[in-house]
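A look at the structure
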Amino acid sequence: MTAAVRCVTVLGSTGSVGTSTLDVIAHHPERYRVHALTAHTSREALLAQCLVHRPEVAVLACETDAAWLRGELQAAGVTTGVAAGAEALCEVARDGAADTVMAAIVGGAGLLPALAAARAGKRVLLANKEALVMSGALFMDAVAASGATLLPIDSEHNAIYQCLPAKHRGGLSRHGVSQLLLTASGGPLRHLDSAALERVTPAEACAHPNWSMGRKISVDSATLMNKGLELIEACWLFDAAPEQVQVVVHPQSVVHSMAAYNDGSVIAQMGNPDMRTPIAYGLAWPERIDAGVKPLDLFQVARLDFERPDEARFPCLRLAREAMLAGGTAPAVLNAANEVAVEAFLDHRLGFAAIARVVEDVLEDQPMAKALDLETIIAADRRARAAAVQRVTHHGALRR
Ligand code: NAD
Ligand code: MG
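This write-up is about the structure you can find in this document. Bear in mind that the values here come from a model prediction, so they are computed numbers and not experimental data. (Residues numbered from 1 in each chain as written. Chains lettered and ligands numbered in written order. Predicted model: local features only at pLDDT ≥ 70, side-chain atom pairs only at ≥ 80, totals over all residues. Heavy atoms only, no water.)

Structural notes on the layout of surface pockets
Its volume calculated, the second largest pocket comes out at about 370 Å³. Forming the boundary of the second largest pocket are 16 residues, of which Val143, Leu150, Tyr161, His168 and Arg169 lie nearest the centre. Elements that contribute at least two residues to the lining of the second largest pocket include exactly α6 (129-146), β7 (149-152) and α11 (225-238). Counting residues per element, the lining of the second largest pocket draws most heavily on α6, at four residues. (1 Å grid on protein atoms, 1.4 Å probe; cavity = no way out; pocket = protein on both sides within 12 Å on 5 of 7 lines; lining within 4 Å. Points joined across faces, edges and corners; volume = space filled by probe spheres on them. Helix = DSSP H or I, 4+ residues; strand = E, 2+ residues; numbered from the N terminus.)

Printed below as a string of structure tokens:
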């Protein structure tokens, strides 16, 4: 029996996860059709993708870019409709013509479209971890209420998903799971001491040893904020308390994460570090398809190492855990401050080690509230961004 053709919308299609998603889709034209593609400002890249995948709709951030794309597509005889703006992202995310939405926009900008897809009951392939960090309870409630299928694409969470029983809702202990072991490569700066970390440049921070990713997540990997965001993400996805998630530094990035059971079993998912594996898993679930990924050669890997993370040199992991324990809007504040600080660092306005300082200052200063509705979360996000801009100016000035 042949599977029904799935109709897929890729939010953030020009990014690292987005292009890997289209690569997997292109290998299975009999299984997948692209409904909509979206990008922020990368109009040339989006044009190239539209010429290949011929989606019904393409979305860009501003009308000027959208008009340009419309003109180019018309000239090429392609009938893709082009829209612009944040509301258009939510419209394509909830559009009844698609059954699957890959949420691969980076940062808080991805929250509303990812939530729109969850509320519309889609199969949501969630790469955009910031959406869940900001609105965990609300997002999981939306998934439950609409009957959406939420499949984690972040490689660690995808691994844990594969290591858990098929029906794992309702608390880990009910299923005999004692701990989730979240692996971290440790990033490119794992061996640097605190003094050296003060001088790290954006190019050094983005030179990830194992994964090729967008610049924001690359910096997050270097500060270990990525692992902090992932700890929060794991708590929401798997109904876990922060104490049930142990971060394990594993420099080879072959074990993508593990679940430890009461009987002493530890189940791991392994593979080459290639996002096409979790993407293909999400697209085909519960089946398996060829992802175009090289088979894992254990003789070449030869050894697997595991270490404790060093939270003294990489305080972002501690800050994220504390924000999750504080609850309410604290994770949204953490995320917002981090986004502002990372952008300033990439822009050479802030030192590497000051990213954590900005986040800590903002978390200390901002009043926390219960995250009961989207308006409260968005208001906390806005205030935290404004506060972070001020702290960046302060810490940036100290640096000169
Ligand atoms: P990226 O920077 O390579 O791509 C981001 C995409 O989002 C691009 O298509 C861009 O045009 C779009 N975008 C950016 N800002 C936008 C905005 N304000 N409005 C609308 N669209 C916008 O990022 P990435 O590395 O592909 O990461 C995407 C998400 O997936 C992030 O949340 C990241 O944490 C997560 N993730 C990525 C990887 C990876 O290997 N790259 C792994 C796990 C999780
Ligand atoms: Mg990850």
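Brief notes about the coordination of the magnesium ion (ligand 2)
Surrounding the magnesium ion (ligand 2) are the protein donor atoms Asp154 (OD), Glu156 (OE) and Glu230 (OE), which sit 2.1 to 2.2 Å from the metal. Mapped onto the polypeptide sequence, the residues donating to the magnesium ion (ligand 2) form the spacing pattern D-x1-E-x73-E. Of the two residues, glutamate 156 sits in helix α7 (residues 155-163) while glutamate 230 sits in helix α11, which places them 74 residues apart along the sequence. Owing to a relative accessible area of 9%, glutamate 156 belongs among the buried residues under this scheme. (Donors = N, O, S within 2.8 Å, 3.2 Å for Na, K, Ca; no water. Buried < 20%, exposed > 50% of the residue type's maximum accessible area, 1.4 Å probe, protein only.)

As for the pairing of strand β2 (residues 32-38)
Of all seven residues in β2, six are buried; the element is thus mostly enclosed. Pairing between strand β1 (residues 6-11) and β2: five bridges, direction parallel. The residue of β2 that forms the bridge with valine 10 is leucine 37. Handedness of the β1-helix α1 (residues 16-26)-β2 crossover: right-handed. Note: β2 against strand β3 (residues 57-60), three bridges, orientation parallel. (Pairing = 2+ DSSP bridges. Right-handed = clockwise from strand over helix to strand, strands pointing away.)

Side note on empty space enclosed by the protein
Using the criterion set out here, one finds one cavity of 30 Å³ or more in the structure. Computed from the structure, the largest cavity encloses a volume of approximately 40 Å³. Looking at the lining of the largest cavity, the elements that each hand over two or more residues are α7 and α12 (276-284). Residues of the lining of the largest cavity, tallied by class, amount to two nonpolar, six polar and one charged. (Nonpolar A, V, L, I, M, F, W, Y, C, P; charged D, E, K, R; others polar.)

Re the environment of alanine 386
When you line up the elements, alanine 386 lands in helix α17 (residues 374-399). On the accessibility criterion, alanine 386 (47% relative accessible area) is partly exposed. Separated by 205 residues in sequence, alanine 386 and leucine 181 have C-alpha atoms that sit 35 Å apart.

Comments concerning the packing of aromatic side chains
Using the criterion set out here, one finds two aromatic pairs in the structure. Ring geometry for phenylalanine 345 and phenylalanine 352: centres 5.5 Å apart, planes at 70 degrees, overall edge-to-face. Overall, the relative accessible area of 4% leaves phenylalanine 352 in the buried class. (Phe/Tyr/Trp six-rings, centres within 6.5 Å; stacked < 30°, edge-to-face > 60°.)

Some remarks on the site of ligand 1
Not every one of the 22 residues close to ligand 1 is listed here, only the nearest: Thr14, Ser16, His40, Glu130 and Gly214. One of the backbone N or O atoms of alanine 127 is found 3.4 Å from an oxygen atom in ligand 1. Coverage of ligand 1 by the protein amounts to 87% of the 820 Å² it exposes when considered alone. For the shell around ligand 1, the secondary-structure elements that each account for two or more residues are α1 and α6. Taken together, the residues of the shell around ligand 1 sort by class into 11 nonpolar, eight polar and three charged. Here the shell around ligand 1 spans two domains, and each of domain 1 (6-152) and domain 2 (154-309) adds at least three residues to it. (Near = heavy atom within 4 Å. Polar contact = N/O pair within 3.5 Å; in protein donor to acceptor, adjacent residues only side chain to side chain. Areas by Shrake-Rupley, 256 points an atom, 1.4 Å probe, with all protein chains shown as cover. Domains from an automatic or database assignment.)

Shape descriptors only; they carry no functional weight alone.
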